[in-house]
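Geometric and topological summary
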Amino acid sequence: TVRNLSILVFVILFICTILSTIVYHMLLPKVTAYTPENGYINGKEYDRIVPISCIYTDSQGNYVFRLEYVEEKWKVERCSVFIEAWDGSYAAIRRAVSEDIEIALNPSRALKDEEIVKVVEQLKSITI
């Protein structure tokens, strides 16, 4: 009957909606949120020390991916930085805006500006 067919279509659409949401969340790049901290590089103290693995370089210069929590989602934003010093594992960075930020660390794949990501861990410090 038409009623049974309507119910079947509704159930199928409902299941597809749930499955698509699950797949969407599985495909989001996974990152660790890291808050830069002060520390020493080559005997000099700096305000923002980060692992060099979270610094990227292209024709426009050096940058990190800043994490922002917007509308109940984590989003990355490209943020230009200047490298003040580095020691092979960590770098002291400076940026134009001085507020505290969280940086995407160890992404599961290459990131793009304004991309939605899944934060799987939040680190407040790394032994430096």
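Each remark here, short or long, concerns the structure printed above.
Residues numbered from 1 in each chain as written. Predicted model: local features only at pLDDT ≥ 70, side-chain atom pairs only at ≥ 80, totals over all residues. Heavy atoms only, no water.

**Observations concerning the side chain of Glu37**
Inspection of the secondary structure puts Glu37 in strand β2 (residues 37-41). In this structure Glu37 comes out as buried when scored by relative accessible area, which is 18%. (Helix = DSSP H or I, 4+ residues; strand = E, 2+ residues; numbered from the N terminus. Buried < 20%, exposed > 50% of the residue type's maximum accessible area, 1.4 Å probe, protein only.)

**Observations concerning the pairing of strand β8 (residues 90-94)**
Where burial is concerned, most of β8 is hidden: four out of the five residues are buried. Direction of pairing for strand β3 (residues 44-51) relative to β8: antiparallel, over a ladder of three bridges. Paired with Val50 across the two strands is Ala91, which belongs to β8. Hairpin remark: strand β7 (residues 82-86) followed by β8, antiparallel, with three residues in the connecting loop; positive phi at Gly88, about 100 degrees. (Pairing = 2+ DSSP bridges.)

**Some points on unusual backbone geometry**
The phi dihedral of Asn42 falls on the positive side, at around 50 degrees, and the residue is not glycine. Even without being a glycine, Glu114 presents a positive backbone phi close to 70 degrees. Positionally, Glu114 belongs in the loop between β9 (102-105) and β10 (116-123).

**Remarks on the environment of Arg94**
Position of Arg94 relative to the elements: it lies in strand β8. Residues Arg94 and Gly43, spaced 51 residues apart in sequence, show a C-alpha to C-alpha distance of 18 Å. Each residue touching Arg94, except ones within four places of it in the same chain, is listed here: Val81, Phe82 and Glu84. For Arg94, the side chain forms a polar contact with the side chain of Glu84, separated by 3.4 Å. (Contact = heavy atoms within 4.5 Å. Polar contact = N/O pair within 3.5 Å; in protein donor to acceptor, adjacent residues only side chain to side chain.)

**Some remarks on the sheet that holds β2**
The strand order β2-β3-β8-β7 describes an open sheet built from four strands, whose pairing is antiparallel. Looking along the sheet, the strands with just one partner apiece sit at the ends: β2 and β7. Each strand axis lies, on average, 60 degrees off the axis of its neighbour in the sheet, ignoring direction. In terms of strand pairing, β2 meets β3 through four bridges, oriented antiparallel. Following the sheet pairing, Glu37 is matched in β3 by Ile49. (Axes fitted to C-alpha atoms, helices over the stretch in contact; angles between N-to-C directions.)

**Describing the pattern of salt bridges**
Pairs can form between side chains of opposite charge whenever their charged atoms are close. Tallied over the entire structure, the rule returns five salt bridges. Glu84 is the partner of Arg94 in a salt bridge, and the nearest nitrogen-oxygen pair spans 3.4 Å. Residue Arg94 is found in strand β8, and its partner Glu84 is found in strand β7; the two are separated by 10 residues along the sequence. Exposure remark for Glu84: the relative accessible area of 34% places this residue in the partly exposed category. A salt bridge links Arg109 to Glu115; its shortest N-O distance comes to 2.6 Å. With relative accessibility at 11%, the residue Glu115 sits in the buried group. (Salt bridge = Lys/Arg side-chain N within 4 Å of Asp/Glu carboxyl O.)

**Topic: the packing of aromatic side chains**
A complete count under the given rule lists five aromatic pairs for this structure. Three or more aromatic residues link up through ring pairs in this structure, and these residues are Tyr56, Tyr63 and Phe65. In this structure, Arg78 is placed above the aromatic ring of Tyr63, and the distance from its NZ or CZ to the ring centre is 3.7 Å. (Phe/Tyr/Trp six-rings, centres within 6.5 Å; stacked < 30°, edge-to-face > 60°. Lys NZ or Arg CZ within 6 Å of the ring centre and 35° of its normal.)

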